[in-house]
Amino acid sequence: MTSTRAIVSHTADVTEQRARVLIVDDEYKNRKLLEVMLAPEGFLLLNAANGEEALASAAVESPDLILLDVMMPDMDGYEVAAKLKGNIATKSIPIIMLTALDDRNARMLGLNAGAEDFLTKPVDRAELCVRVRNLLRLKTYSDKLTAAVGALESSHEQLAAALVEAGEARLMAEHANNAKTQFLRAMSHELRTPLNAISGYTEILEMGIRGTVNPEQLKDLGRIKRASSYLLRLINDILTIARLEGARPLNLIALPVNPVLAEVDSLCALQAKARGLTLSVAPCDEKIVVAADAERFQQILLNLITNAIKFTGKGGNIEVCSDGYDDVVRIRVKDTGVGVRARDIDRVFEPFVQIDRHLTADTQQGVGLGLSISRELARAMHGDLTLKSTEGIGSTFTLTLPIASEASLSPIIEASTSADVSSLRAALAS
């Protein structure tokens, strides 16, 4: 018997691209005849002289198609076909059964064994080539489909794994958010207690219960009360954002800008002076009136100025100026501080982000909420807050608010409150 071998040999690269056809027949002359018929087609032709050789060759050579004789000793073609189709590694190889029996029973036995096609001996060369090419083409399509299905299944598995990871990440985020909420609750409670004491004792001093106070002392006591009230509002904002308390609706009114500028100037002047800074707040045109919530407007300006004080070195300058343009007012807070790198400009407005914490002392560092809250408040009042900065030179924050008019006041008071507060919540809940 002739051992399994390649009849036509070419280079390895060419071999990989050619269809491999295994010819199985116990008669040598039959194998040679089929080789001669198929050689012009350019196939890589393999042969086996019996069923055992055929199974061994299919396991090693992995042919693309098998021409299988039915009548062979020891193991006939039906049994070989059944074994090939029963093996997961060879089940997809198409089989053409070659038989001298041209009857229905022989064909049914072959179909039951798993054969895809039949040829009756003596074989016609043209018919042989056509059927082989057709089955090889179908095999190619089947292989591509199988690969595509495998890739799709792999993608589904990866997607499922990604969804599981996303679910786990969401749970972790929820746990982290709950921890943050608990922290904010505890922190706000601890801060409220001394602030209430400060406000209470300030009122006692103002009433003269501890003795007479002079006019200058009354002014200082007033500043202390306003500062403590401001801090208390910040704590309430944190709780509002953390969804622990109901949001206070925005109360948009026609608000002159100059009195607000004068108020923040008096509140921040001593702090700037203590840091060795020059703070100048230029009044604007007395006719300029914005549509804004008074407390929120002041809160934004205080955040911007105290932020400038924090990041401006001794001897630096902080300027606050404003102007009206078309239907908006622009209020700029410009400093000569450390500035912000270009890649960090957008990040400064993200909640709980502190850029370059080493630039400020521990006692001056916050939790990274001030600028985020300020921008969301500005947008809730149909304005905006933007930043232009150069590292090492300074920063300019620009607060834009609409000029007060019937159009800017009436619709917003009733319609925007819940949506704007929701936007404020969402910005820091993420």
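Residues numbered from 1 in each chain as written. Predicted model: local features only at pLDDT ≥ 70, side-chain atom pairs only at ≥ 80, totals over all residues. Heavy atoms only, no water.

Asks: Go over the pairing of strand 8 (residues 278-281) with me, naming the residues and quoting the values.
Replies: Only one face of strand 8 is buried: it carries Leu-279 and Val-281, and the other face, with Thr-278 and Ser-280, is open. For strand 8 and strand 10 (residues 317-325), the ladder comprises four bridges, and the chain directions are parallel. Its bridge partner lying in strand 10, Ser-280 is registered against Glu-319. (Buried < 20%, exposed > 50% of the residue type's maximum accessible area, 1.4 Å probe, protein only. Helix = DSSP H or I, 4+ residues; strand = E, 2+ residues; numbered from the N terminus. Pairing = 2+ DSSP bridges.)

Asks: Can you lay out the packing of aromatic side chains for me, pointing to particular residues and giving the numbers?
Replies: Within this structure, the stated rule accounts for one aromatic pair. Between Phe-349 and Phe-397 the ring centres are 6.2 Å apart and the planes differ by 85 degrees, which places this aromatic pair in the edge-to-face class. Separated by 48 residues along the polypeptide, Phe-349 in the loop between strand 11 (328-335) and helix 10 (370-380) and Phe-397 in strand 13 (residues 394-402) bring together distant segments of the chain. Overall, the relative accessible area of 5% leaves Phe-397 in the buried class. Of note, Arg-330 hangs over the ring of Tyr-325, and the distance from its end group to the ring centre comes to 4.9 Å. (Phe/Tyr/Trp six-rings, centres within 6.5 Å; stacked < 30°, edge-to-face > 60°. Lys NZ or Arg CZ within 6 Å of the ring centre and 35° of its normal.)

Asks: Any details on the confidence of the model for the chain? Residues and values, ideally.
Replies: Of the residues in the chain, 83% have a pLDDT of 70 or more, and the chain-wide mean is 81. Across residues 411-430, where pLDDT falls below 50, the model places 37 contacts with residues more than four positions away in sequence or in other chains. (pLDDT = per-residue confidence, 0-100. Contact = heavy atoms within 4.5 Å.)

Asks: Go over the side chain of Glu-53 with me, naming the residues and quoting the values.
Replies: Take Glu-53: it is sitting in helix 3 (residues 51-61). In this structure, Glu-53 is buried with no salt-bridge partner, the nearest side chain bearing the opposite charge being Arg-31 at 6.7 Å. Separated by 3.0 Å, the side chain of Glu-53 and the backbone nitrogen of Ala-49 make a polar contact. (Lys, Arg positive; Asp, Glu negative; His and termini not counted. Salt bridge = Lys/Arg side-chain N within 4 Å of Asp/Glu carboxyl O. Polar contact = N/O pair within 3.5 Å; in protein donor to acceptor, adjacent residues only side chain to side chain.)

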